[in-house]
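Residues per chain are reported as follows:
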Amino acid sequence: MDERAKIRVTLPRENPTPSYWQDPPDDIADQRTTKDLPSHVDIVIIGSGITGAAIAWNLLKDVRPGEKGSRNIVMLEARQACSGATGRNGGHTKAASYRSFLEHASLLGTPAAVQIARLEYDNIQAIHAFAKEHNIPCDSNPCHTIDIIYDQAQWTAAHEAVTAMKAAFPEGDPVAEYTFHSPAEVQSKFHCALDAGTIAGEPQTLYGGVSYPAGSISSYAFTAGLLKLCLSRGLNLQTNTPATSLMKNRDERTWTVRTPRGNIWTKDIILATNGYTAAIAPTFQGVIVPLRGQVTAQRPGSNLSEKGCLPTTYSFIYDKGYEYMIPRPKGSRNEGDLVIGGGLVRAKEEGLGEYGTTDDTTVNEEISTYLQNTLTRYFGGGGDGGGGDRNGKGDDHPDGRIKKEWTGIMGYSPDGFPMVGAVPGENGFWMSCSFQGHGMVLCWMCAKALVEMMEGRDNEKLRRWFPEAFKVGFERMRKRFQGRLHTSVAVAPGPAVGGESE
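Residues numbered from 1 in each chain as written. Predicted model: local features only at pLDDT ≥ 70, side-chain atom pairs only at ≥ 80, totals over all residues. Heavy atoms only, no water.

## Side note on the overall build of the protein
Item 1. Regarding its fold elements, the protein presents 14 helices and 18 strands.
Item 2. What you see for the protein is a C-alpha radius of gyration of 22 Å, in line with the 23 Å of a compact globule of 502 residues.
Item 3. Overall, the C-alpha framework of the protein stretches about 70 × 50 × 45 Å when taken along its three principal axes.
Item 4. Every one of the 502 residues in the protein was classed for burial, and the buried ones make up 62%.
Item 5. The contacts of the protein with a sequence gap of at least 6 include a subset with a gap of at least 24, amounting to 78%.
Item 6. Surface summary for the protein: the accessible area is close to 18,700 Å², and the carbon and sulfur share equals 48%.
Item 7. Averaged over its 52 positive side-chain charges, the protein has a centre that lies 5 Å from the centre of its 57 negative ones. (Helix = DSSP H or I, 4+ residues; strand = E, 2+ residues; numbered from the N terminus. Rg over C-alpha atoms; globule rule 2.2 N^0.38 Å. Buried < 20%, exposed > 50% of the residue type's maximum accessible area, 1.4 Å probe, protein only. Contact = heavy atoms within 4.5 Å. Areas by Shrake-Rupley, 256 points an atom, 1.4 Å probe, with all protein chains shown as cover. Lys, Arg positive; Asp, Glu negative; His and termini not counted. Charge placed at Lys NZ, Arg CZ, Asp CG, Glu CD.)

Below, the structure is given as structure tokens:
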């Protein structure tokens, strides 16, 4: 892992795999608010995914639409708008806080574990509420999810964690709302197979399921809508304009951002660059390590099609790994499609080669083969399954099972937490990065916290809801990356069992 962490991080590559969510691209995909780059601004935000967009919103939300605020803010994006992880994820807003709660409690104490779980829940609620309030057409779908567990140790750990959470939270608190389901109920209500065959020679026997509140959303459409709100309030968005280097000016308080189209002088720089951070901030080489995740969009076969849109989102959990599945909800574009990702550990050396790479122009064929068989594996049936009957006769869709397949680059830190706040030892240098494949349940609240810090409100009020463990600091930056994956079942084409990759 040391060698993978040393691979030099590059800027986003040209011609990435076409993402399901970006087909077709939004009308701001190639937006350049002004023909030329401004030479002097107050703030440069680097990155136009959900983090960059949410930071811009928090800086501009008090400006009336059609007016220009007191601060001149430019957002730089290396490729098209929202073409990184946010536009390449699985579309899940799923925290699965119970899967990390005991570890967080052990490392940080129970109060901190409670704080993190509540932030994740609040983040999900806030995103869906914002989409509704501002009428953003992004297929926002608050719903329940279920983790289908095919491993005894994982099943036992789930019971222990939920018990601990219910004891730590007030009775009836929705953050600790979990329901266990027997194998028979999982089969009848959620249509899953009682056995998923064998994986790496090990039989996959169903132990049960855990359901709880979550959701699904087109993160790309949500972020494009959010960017448009910011543009109406004076944001200057410059796409296809990579920041190639950052230079501290002689006054030691201001910066010059270099791009192929010219340089920008600025008072403040904000990195919303996640897995690409070290490409322009080399001090984070080996501190924030890229990890490539992989996602497919699949057509349901005959048995699942007969059941209509499935009522929930799914994660399938086994020893050392998982897949996730998000049915496209009723009324959405591509209604009924199944977005399926994960499977990292099924690649050579349990996915070691996916660390350190920023190459989202291609896919891993081993993971492709594994993901293409997900429906048959967990729902049974000849083509796609669909009734929990491994002898079922569901047939593939006439147009084929796989509709699209793509990859995205996530960012991971040595301790598994985001890095948010002022870059240590620097003036006017800020960041909100490294979301562990868990961005759709972290980025919104981290952006809010970062702006609070920038505006001088890093106080007790902020500390009541924002974890100290998320703040960037020298001690965290000195830790050694060992391939630590977030233990949750969240939102991404990668290790956070769910569907993010912001």
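This is not the end of the story, as more comes after the structure.
## Quick word on the layout of surface pockets
Regions of empty space are outlined by a rolling probe, equal in size to a water molecule, passed over the atoms.
Item 1. Reported here for the largest pocket is a volume of approximately 360 Å³.
Item 2. Every residue lining the largest pocket is counted, 22 residues in all, and those nearest its centre are Asp 26, Pro 137, Ser 218, Tyr 220 and Ala 221.
Item 3. Here the lining of the largest pocket is composed, by residue class, of 11 nonpolar, 5 polar and 6 charged. (1 Å grid on protein atoms, 1.4 Å probe; cavity = no way out; pocket = protein on both sides within 12 Å on 5 of 7 lines; lining within 4 Å. Points joined across faces, edges and corners; volume = space filled by probe spheres on them. Nonpolar A, V, L, I, M, F, W, Y, C, P; charged D, E, K, R; others polar.)

## Re the environment of Ser 218
Item 1. Mapped onto the elements of the fold, Ser 218 is located in the loop between strand 7 (208–216) and helix 7 (219–231).
Item 2. Residue classification places Ser 218 among the buried positions, given a relative accessible area of 6%.
Item 3. Here the alpha-carbon distance between Ser 218 and Gly 90, two residues 128 residues apart in the chain, equals 8.4 Å.
Item 4. Ignoring sequence-local partners within four residues, the contact set of Ser 218 consists of Trp 21 and Cys 138.
Item 5. In this structure the side chain of Ser 218 is engaged in a polar contact, spanning 3.1 Å, whose partner is the backbone nitrogen of Ala 221. (Polar contact = N/O pair within 3.5 Å; in protein donor to acceptor, adjacent residues only side chain to side chain.)

## Structural notes on helix 12 (residues 443–454)
Item 1. With 12 residues, helix 12 ought to run about 16 Å at 1.5 Å a step, and its terminal C-alpha atoms sit 16 Å apart, in line with that.
Item 2. The element helix 12 is largely enclosed, with a buried count of 10 among its 12 residues.
Item 3. All buried positions along helix 12 are accounted for by Cys 443, Trp 444, Met 445, Cys 446, Ala 447, Ala 449, Leu 450, Val 451, Met 453 and Met 454.
Item 4. Gly 456, located one to two residues past helix 12, shows a positive phi value of around 80°. (Expected span 1.5 Å × (residues − 1).)

## Let's talk about the pairing of strand 12 (residues 289–298)
Item 1. Extensive coverage of strand 12 is indicated by the burial of 10 of its 10 residues.
Item 2. In strand 12, alternate side chains face the same way, and those of Val 289, Leu 291, Gly 293, Val 295 and Ala 297 on one face and Pro 290, Arg 292, Gln 294, Thr 296 and Gln 298 on the other are all buried.
Item 3. Here 4 bridges tie strand 12 to strand 15 (residues 338–342), and the two strands are oriented antiparallel to one another. When the sheet's bridge partners are listed, Val 295 is paired in strand 15 with Gly 341. (Pairing = 2+ DSSP bridges.)

## Here we look at the packing of helix 2 (residues 50–60) against helix 7
Item 1. Relative orientation of the contacting elements helix 2 and helix 7 amounts to 30°, with a least axis distance of 9 Å. For the element pair helix 2 / helix 7, the angle class is roughly parallel. The interaxial crossing formed by helix 2 with helix 7 has left-handed handedness. On the side of helix 2, the interface is formed by Ile 50, Ala 53, Ala 54, Ala 56, Trp 57 and Leu 60, while helix 7 contributes Phe 222, Thr 223, Leu 226, Leu 227, Leu 229 and Cys 230.
Item 2. Grouping the amino acids of the contact of helix 2 with helix 7 by side-chain chemistry returns 11 nonpolar, 1 polar and no charged. (Axes fitted to C-alpha atoms, helices over the stretch in contact; angles between N-to-C directions. Parallel < 35°, antiparallel > 145°, perpendicular 65-115°, else oblique. Left-handed = near helix turned anticlockwise from the far one by under 90°.)

## Here we look at empty space enclosed by the protein
Item 1. On inspection of all chains with the given rule, the structure shows 4 cavities of 30 Å³ or more.
Item 2. For the largest cavity, the calculated volume is near 340 Å³.
Item 3. As for the largest cavity, its lining consists of 30 residues, of which Gly 47, Glu 77, Ala 272, Thr 273 and Tyr 276 are closest to the centre.
Item 4. Of the residues assigned to the lining of the largest cavity, the class counts are 15 nonpolar, 12 polar and 3 charged.

## Some points on a positive patch on the surface
Item 1. On the surface, Lys 61, Lys 448, Lys 461 and Arg 464 cluster together into a positively charged patch.
Item 2. Relative to the helices and strands, Lys 448 resides in helix 12.
Item 3. Here Lys 448 falls in the partly exposed class, since its relative accessible area comes to 34%. (Patch = residues over 30% accessible without salt bridge, like charges linked within 9 Å, V, L, I, M, F, W, Y side chains within 5 Å. Salt bridge = Lys/Arg side-chain N within 4 Å of Asp/Glu carboxyl O.)

## Brief notes about the pattern of salt bridges
Item 1. The final tally for this structure, using the stated rule, is 26 salt bridges.
Item 2. Linking Lys 248 and Glu 252 is a salt bridge whose minimum nitrogen-to-oxygen distance equals 3.6 Å.
Item 3. Classification of Lys 248 by relative accessible area gives partly exposed; the value is 32%.

## Looking at the confidence of the model for the protein
Item 1. Of the residues in the protein, 91% reach a pLDDT of 70 or more, and the chain-wide mean stands at 90.
Item 2. Residue range residues 381–393 is modelled with pLDDT below 50. Its contacts to residues more than four positions away, or to other chains, number 55 contacts.
Item 3. Contacts of residues 486–502 to residues separated by more than four positions or lying in other chains number 126 contacts, the stretch itself having pLDDT below 50. (pLDDT = per-residue confidence, 0-100.)

## So, helix 2
Item 1. Most of helix 2 is tucked away: 11 of the 11 residues are buried.
Item 2. Among the residues of helix 2, Ile 50, Thr 51, Gly 52, Ala 53, Ala 54, Ile 55, Ala 56, Trp 57, Asn 58, Leu 59 and Leu 60 are the ones counted as buried.

## Brief notes about the side chain of Ser 413
Item 1. Tracing the sequence through the fold places Ser 413 in the loop between strand 16 (402–412) and strand 17 (419–422).
Item 2. Accessibility expressed as a relative area gives 0% for Ser 413, which makes it buried.
Item 3. A distance of 2.7 Å separates a polar atom in the side chain of Ser 413 from the backbone oxygen of Phe 417.

## Thoughts on the environment of Tyr 370
Item 1. Turning to its location among the elements, Tyr 370 is positioned in helix 10 (residues 365–372).
Item 2. Look at Tyr 370 and you get buried, because its relative accessible area is 11%.

## Focus on the sheet that holds strand 4 (residues 179–181)
Item 1. Sheet architecture is open: 8 strands sit in the order 4-7-3-13-14-15-12-16, paired in mixed fashion. Every other strand in the sheet has two partners, leaving strand 4 and strand 16 as the edge strands with one partner each. For this sheet, the mean inter-axis angle between neighbouring strands, taken without regard to orientation, is 25°.
Item 2. Together, strand 3 (141–149), strand 7 and strand 13 (313–318) form the strand contacts of helix 3 (residues 98–108), whose direction differs from that of strand 3 by roughly 75°.
Item 3. Packing against the sheet, helix 6 (residues 183–190) makes contact with strand 3, strand 4, strand 7 and strand 13, and its axis sits at approximately 95° to strand 4.

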